[in-house]
Amino acid sequence: MKETTLQKPLRLWPGVVLVVLQWLSWFVVPKVTSVPEALMYGVIGGLLLGPAILVWWTFFSRAHWSERWGAAALVVFSMIATPFLLHESVGEGNLGFQFYLYAIPVLSLAFVIWAVAGRRLSAGPRRATMVATILIACGSFTLIRSEGLAGDGMPEFTWRWAQTAEERLLARGDDELAALGSASAALTEADWPGFRGPHRDGIVRGLRIETDWTAFPPTELWRRPIGPGVSSIAVGGDLLYTQEQRGDDEIVACYQVSTGKPVWKHRDQARFWDSHVGAGPRATPALSGGRVYTLGATGILNALDAANGLVLWSRNAAADTDAKVPYFGFVNSPLVVDDVVVVNTNRLVAYDLASGDPHWFGPDKGASYSSPHLLTLDGVRQILMPTGESVSSIAPADGSLLWEHRLPDGIGSILQPALTADGGLLLSSMASASASPSGTHRIAVAHGPGGWTAEERWSSRGLKPSFSQIVVHRGHAFGFDGRILACIGLEDGKRKWKGGRYGVGQLLLLADQDLLLVVSERGELVLVEAVSDRFTELARFPAIEGKTWSQPTLVRDIVLVRNGQEMAAFRLPLAMDRVGR
């Protein structure tokens, strides 16, 4: 009774103000703004305001000394002890900081609510509820796991004991094996030979589709569950190829385009997982000469018969170059050039198509999450490879360095370079201070008597893609500025428009129709006009569910989309269908 009558009322308003600012900074601001740095600043704010709340309680709250120091000690103990009980996806998420990024704001909010709600309780119940509040706020994170991060950097939490999509797929057992068969004919020419199409530029020509999807919606041909991974889809004839994870096996899988039925599967005993993307291979298969070439997330390079999946040769590209597996795994898709297939580990390596023997090793420029890209600049064919802090140009014949351009922001792009109609080069970069997308750069590359030169023409923050690819069309570049679609001019890099929130989506260009086919991060198909004077969304259609980061594939009038849990095919209505109906 003495404590109740002599002690001053708690000073609560500083804690309330601090926790409101913390949640605005940590949760609200990154959600309502597309500025890439907003998430970083929000995270910093959320972390710093947590200790500030603890300082308020310990020194300025007027609580009894036992409650002040007892709470501080219990908070420190809980933050140290809880990580030992977490699911690995939470404990290792965000480079090991995920628990602290989320537990500190959650604990801060719970503690301030307790302080306000329990201020009139007697000493015993107040202290008991304080202990319970701290332990429950921290302990609740032991009950969840993360399915990876979304494009806005927020984890996708689910209950720890809930069955994953991969576990549900594995539980089906070998029921698919009865449907396996051999391809009716060997692959002759690939319609969509690999990552982003024939030229890795995401541009489709010779196709015009109906844009009124209310009257003429896409027709679903099939959908099926699939193992995790962010590999895209390559297509040759009626066969499609992708990579996925099935338990401890990394799978190269072949399915029929027309039915979605499995044709064959090749298995390598390998499993890669990271807390950001999840499990599974990342790279897209490459088709050439009746073969399919694949690079697994741990560095296994396969050459398989495209008709039946028989192994022609296999290499460990990581071991060949003494490369460590990067944090997000080996992501780059193989590139077939002349008589070699090229991949990047910590350097470009070219393997002989026939034998699989190393043909040449490029200069050591570090690992990259971009893919080798064949372009012709100033009349010379060359392989461009954004790596580390620069972009390098490599001669396809022998792997020698032609030229190198250092990116000004400090971290190389994870996107593909884009070629302009007049021979210019577009590159994107990341800021070294925040590891967030910093902008797009236009580079002029020339070959003269003194050798190669590469000079920057302009740098633009009007288009800041992270891992969403860009396309070039009619003097403009279209892509994602953060999570919002945007357009900039190639003459000066100035933004023309910005609109449409599709998360971290991917897109293709239907060049004959001035049309963007967007796959949103949540699996929607969206049509947007590829014009420079305005943003106009023409149609939207739900395709697949769940986080969708894989590139779409468009062959004839069939679009194929996949994510880490399902794959589906849709027939797009052709423009002539309106007349026919």
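What you see is a predicted model; the values in this text were computed from it and never measured. (Residues numbered from 1 in each chain as written. Predicted model: local features only at pLDDT ≥ 70, side-chain atom pairs only at ≥ 80, totals over all residues. Heavy atoms only, no water.)

A. The environment of Ala162, seen in detail. With respect to the helices, strands and loops of the structure, Ala162 is situated in the loop between strand E2 (155-159) and helix H9 (165-171). Considering only alpha carbons, one finds Ala162 and Ile144, 18 residues apart in sequence, at a separation of 9.0 Å. Excluding its chain neighbours within four sequence positions, the residues that come into contact with Ala162 are Arg145 and Glu167. (Helix = DSSP H or I, 4+ residues; strand = E, 2+ residues; numbered from the N terminus. Contact = heavy atoms within 4.5 Å.)

B. Broad picture of the nonpolar core. Core analysis: the biggest nonpolar cluster contains 36 residues, and Trp213, Leu240, Leu517, Leu525 and Leu554 have the highest contact counts within it. Listed by contribution, the elements that provide at least two residues to this core are strand E7 (249-256), strand E32 (506-510), strand E33 (515-519), strand E34 (524-529), strand E35 (537-542), strand E36 (553-555), strand E37 (558-562) and strand E38 (566-571). Those residues within four positions of Leu517 in sequence are excluded, and the remaining contacts are Trp213, Gln506, Leu507, Leu508, Leu510, Leu525, Val526, Leu527, Leu554, Val559 and Leu572. Of all hydrophobic cores here, the second largest spans 32 residues; its members include Val19, Leu74, Leu101 and Leu107. (Core = buried A, V, L, I, M, F, W, Y, C linked by side-chain atoms within 4.5 Å. Buried < 20%, exposed > 50% of the residue type's maximum accessible area, 1.4 Å probe, protein only.)

C. How the structure looks around unusual backbone geometry. For Asp322, which is not glycine, the phi torsion reads 55 degrees and is therefore positive. Among the structural elements, Asp322 can be located in the loop between helix H10 (317-320) and strand E15 (335-337). We note that Arg556 has phi near 55 degrees; this positive angle belongs to a residue other than glycine. Along the polypeptide, Arg556 turns up in the loop between E36 and E37.

D. Local environment of the sheet that holds E34. Ordered by their spatial adjacency, five strands build an open sheet running E3-E32-E33-E34-E35, and the pairing between neighbours is mixed. Two strands bound the open sheet, and with one partner strand each, they are strand E3 (203-204) and E35. Sheet topology note: the E34/E35 ladder contains five bridges and is antiparallel. Bridge pairing in E35 links Leu527 to Ala539. (Pairing = 2+ DSSP bridges.)

E. Highlighting the pairing of strand E16 (residues 340-344). Most of E16 sits out of view: five of its five residues are buried. Going residue by residue along E16, you find Val340, Val342 and Asn344 tucked away on one face and Val341 and Val343 tucked away on the opposite face as well. In this structure, E15 lies alongside E16, joined through three bridges in antiparallel fashion. Residue pairing in the sheet places Leu335 in a bridge with Val342 of E16. In this antiparallel pair of consecutive strands, E15 and E16, the connection spans two residues, and Asp338 shows a positive phi of 55 degrees. Of the pairings in the sheet, the one linking E16 to strand E17 (residues 347-352) comprises five bridges and is antiparallel in character. Counterpart to Val343 in the pairing with E17 is Val349. Hairpin connection from E16 to E17: two residues lie between these consecutive antiparallel strands.

F. Molecular detail of empty space enclosed by the protein. Inspection of every chain in the model, using the stated rule, returns one cavity of 30 Å³ or more. There is about 50 Å³ of room inside the largest cavity. Taken together, Asn344, Arg347, Leu348, Pro363, Lys365, Gly366, Met385, Thr387, Ser392 and Ile394 make up the lining of the largest cavity. Put simply, the parts of the chain that give the lining of the largest cavity at least two residues each are E17, strand E20 (380-387) and strand E21 (390-394). A breakdown of the residues in the lining of the largest cavity according to their chemical character gives four nonpolar, four polar and two charged. (1 Å grid on protein atoms, 1.4 Å probe; cavity = no way out; pocket = protein on both sides within 12 Å on 5 of 7 lines; lining within 4 Å. Points joined across faces, edges and corners; volume = space filled by probe spheres on them. Nonpolar A, V, L, I, M, F, W, Y, C, P; charged D, E, K, R; others polar.)

G. Seen up close, the pattern of salt bridges. A complete count under the given rule lists 26 salt bridges for this structure. The salt bridge involving Glu404 is made with Lys365; its shortest N-O contact spans 3.0 Å. One end of the pair, Glu404, is in strand E22 (residues 401-406); the other, Lys365, is in the loop between strand E18 (358-364) and strand E19 (373-377), and 39 residues separate them in sequence. Classification of Glu404 as partly exposed rests on a relative accessible area of 37%. (Salt bridge = Lys/Arg side-chain N within 4 Å of Asp/Glu carboxyl O.)

H. Structural context of the packing of helix H4 (residues 65-81) against helix H7 (residues 98-117). Relative orientation of the contacting elements H4 and H7 amounts to 150 degrees, with a least axis distance of 12 Å. It follows from the interaxial angle that H4 and H7 lie roughly antiparallel. As H4 runs across H7, the sense of the crossing is right-handed. Note on element contacts: H7 touches H4 through Phe99, Tyr100, Ala103, Ile104, Leu107 and Phe111, opposite Ala71, Val75 and Met79. In the contact of H4 with H7, the residues fall into nine nonpolar, no polar and no charged. (Axes fitted to C-alpha atoms, helices over the stretch in contact; angles between N-to-C directions. Parallel < 35°, antiparallel > 145°, perpendicular 65-115°, else oblique. Left-handed = near helix turned anticlockwise from the far one by under 90°.)

I. Structural view of helix H8 (residues 123-139). The terminal C-alpha atoms of H8, which comprises 17 residues, lie 24 Å apart, in line with the 24 Å expected from a rise of 1.5 Å per residue. Taken together, the buried positions of H8 are occupied by Arg126, Met130, Thr133, Ile134, Ala137 and Cys138. Buried residues in H8, looked at end-on, bunch into an arc of 110 degrees, giving them a common side. (Expected span 1.5 Å × (residues − 1). Arc of directions from axis to C-beta.)

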